[in-house]
Amino acid sequence: MANRLAQLIQPDGHALFLPVDHGYFQGPTRKLEEPGKTIQPLLPFADGLFITRGALRSCVDPARTKPIILRVSGGTSMVGKDLANEGIITSMEEAIRLNASAVGISVFVGSEYEKESLLNLAKLVDEGERYGIPVMAVTAVGKELEKRDARYLALASRIAAELGARVVKTYWCEGFEKVTRGCHVPIVIAGGPQTDNERDVFNFIYDGMQKGAIGVNLGRNIWQNDYPVAMIKAVQAIIHKKADAEKAQEIFDHEKAKASSKS
Ligand code: 5RP
C-alpha cells in the first residue's frame, strides 16, 4: 500500500494526476476522441494517469511505466436516467493484472443512489486493503455543478475518508480549508468543465494547495486547452515547483508562444 501510494504521491508530498476517464459516461468527449493522441505529449508531466481499463488497453503502450489509477466505477451515461446509479465495472483481480497503482470510484452523496455508491466504495476498500491497492474516491456531483460548495464537499470528502478511501478527489471551492480540515486523507482537486481563462485555473489550484490540497486530478482544463502542454507545465510548476498563479501564467504564456511559433 505504501509503495503504491509513493508511486503516485511524489517525495515532496504532492501529486499531479491526469484524468482521461471521461469517456466512461460522456463518450468521445471533445479533445479526448482519441485518448492515445491526447495523452502522449502530456504523460511526461503527469505523476499518474486516471483511466478505464478499456482505454488503457487500447491507448497506452504497456512499455510505458506511468502509474495508473484505474477507474472502476461506471455503468451509466450522460443520456441515461441517473448518473449516480453506478456499479463496479472492473474487478480487483483485473486491477492487479493491469498493475494499477490505485483504483478510483465515484460516490454521489446526497443523490438517490447515495447508499449504493457509498457501499460500493466500502466494498472496494475492503478488496483494496486485502491486496494493498489504494482507493481514490471521487466526490461526484453529476450534473448538479452548483453542489460544489464547501459545506457539501466537506461532507462528501469526510464520508469518503471515513469509509476508507486513501485519497479523495474533490472540487475547489470558496473556503476550501473547511474541506481539507475535515478530511484526514490527502485531497486532490478536479477542474470540472473547461474554463476560458487559464488564470482562473492557476488561481484555484494555487489557493487549493495553500489550503491543504496535495495536488490535482485535472483533466479538461488541461487537455481541452488549445495549448495542453503549456497548460500542464504551468500546473506542474504550481504543484511541484512552488510557483504561484502569476508564475504559472508566465510559464503558460512562454510555452504557448513557443508552441505557436512552431506551428
Ligand atoms: C470524470 C472524473 C474526472 O476524473 C474528474 O472530474 C477530473 O476531471 P476534470 O478536471 O475534467 O473535471 O471523475 O469522470
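Residues numbered from 1 in each chain as written. Predicted model: local features only at pLDDT ≥ 70, side-chain atom pairs only at ≥ 80, totals over all residues.

(A) Inspection of the sheet that holds strand β2 (residues 48-51) at higher detail. Strand order in the closed barrel formed by 8 strands is β1-β2-β3-β6-β7-β8-β9-β10, and the pairing between neighbours is parallel. If you compare each strand with its neighbour and ignore which way they point, the axes differ by 25 degrees on average. As judged from the 3 bridges shared by β2 and strand β3 (residues 68-71), these two strands associate in the parallel manner. Bridging from a neighbouring strand, Ile51 pairs with Leu70 of β3. (Pairing = 2+ DSSP bridges. Helix = DSSP H or I, 4+ residues; strand = E, 2+ residues; numbered from the N terminus. Axes fitted to C-alpha atoms, helices over the stretch in contact; angles between N-to-C directions.)

(B) Main features of helix α6 (residues 114-131). The first and last C-alpha atoms of α6 sit 26 Å apart over 18 residues, in line with the 26 Å expected at 1.5 Å per residue. Buried residues of α6: Ser117, Asn120, Leu121, Leu124, Val125 and Gly128, and no others. Down the axis, α6 shows its buried residues gathered within 140 degrees of arc, on one side only. Pointing more than 90 degrees away from the buried face of α6 are the exposed residues Lys115, Asp126 and Arg130. If you follow the buried residues of α6, they end up packed against β4 (73-74), β5 (87-88), α5 (92-97), β6 (102-107), β7 (135-139) and α7 (150-162). Immediately beyond the C-terminal end of α6, within one or two residues, lies Gly132, with a positive phi of roughly 75 degrees. (Expected span 1.5 Å × (residues − 1). Buried ≥ 20, exposed ≤ 12 C-beta atoms within 10 Å, placed from the backbone. Arc of directions from axis to C-beta. Contact = placed C-beta atoms within 7 Å.)

(C) Summary view of the site of the ligand. Surveying the vicinity of the ligand reveals 13 residues, the closest of which are Pro19, Ala190, Gly191, Gly219 and Arg220. Across the shell around the ligand, the residue classes break down as 5 nonpolar, 6 polar and 2 charged. (Near = placed C-beta within 6 Å. Nonpolar A, V, L, I, M, F, W, Y, C, P; charged D, E, K, R; others polar.)

(D) Spatial organisation of the pairing of β7. Among the 5 residues of β7, 5 are classified as buried, and the element is accordingly described as predominantly covered. On β7, burial covers both faces: Val135, Ala137 and Thr139 on one face and Met136 and Val138 on the other are all buried. Two strands pair when backbone bridges link them, and β6 and β7 are joined in this way by 5 bridges, in the parallel orientation. Of the residues in β7, the one forming a bridge with Val107 is Thr139. Two strands pair when backbone bridges link them, and β7 and strand β8 (residues 167-171) are joined in this way by 3 bridges, in the parallel orientation. When the bridges of β8 are listed, Val138 appears paired with Lys169.

(E) Molecular detail of unusual backbone geometry. We note that Lys31 has phi near 70 degrees; this positive angle belongs to a residue other than glycine. Residue position: Lys31 is located in the loop between α2 (23-26) and α3 (35-39). Residue Lys31 is classed as partly exposed on the basis of its C-beta count, with 18 C-beta atoms lying within 10 Å. At Lys242, a position not held by glycine, the phi torsion is positive, near 60 degrees. Note on placement: Lys242 falls in the loop between α11 (228-240) and α12 (245-262).

(F) Main features of the environment of Glu127. In this fold, Glu127 is placed in helix α6. In this structure the C-alpha to C-alpha distance between Glu127 and Met92, which are 35 residues apart in sequence, comes to 6.7 Å.

(G) View of α11. Here α11 is 13 residues long and its end C-alpha atoms lie 18 Å apart, about the 18 Å a rise of 1.5 Å per residue gives. For α11, every residue scored as buried is listed here: Ala230, Met231, Ile232, Lys233, Ala234, Val235, Gln236, Ile238 and Ile239. Where α11 is buried, its residues meet β1 (15-19), α9 (198-210), β10 (215-217), α10 (220-223) and α12. One or two residues past the end of α11 sits Lys242, with phi positive at roughly 60 degrees.

(H) Seen up close, the nonpolar core. By size, the foremost hydrophobic cluster in this structure holds 82 residues, and its most contacted members are Ile69, Val103, Val107, Ala137 and Val235. A total of 7 residues in this core trace back to one element, the largest contributor, which is α11. With near-sequence residues (within four places) excluded, Val103 lies in contact with Ile69, Leu70, Val72, Ala95, Leu124, Gly128, Ile133 and Val135. (Core = buried A, V, L, I, M, F, W, Y, C linked by C-beta atoms within 7 Å.)

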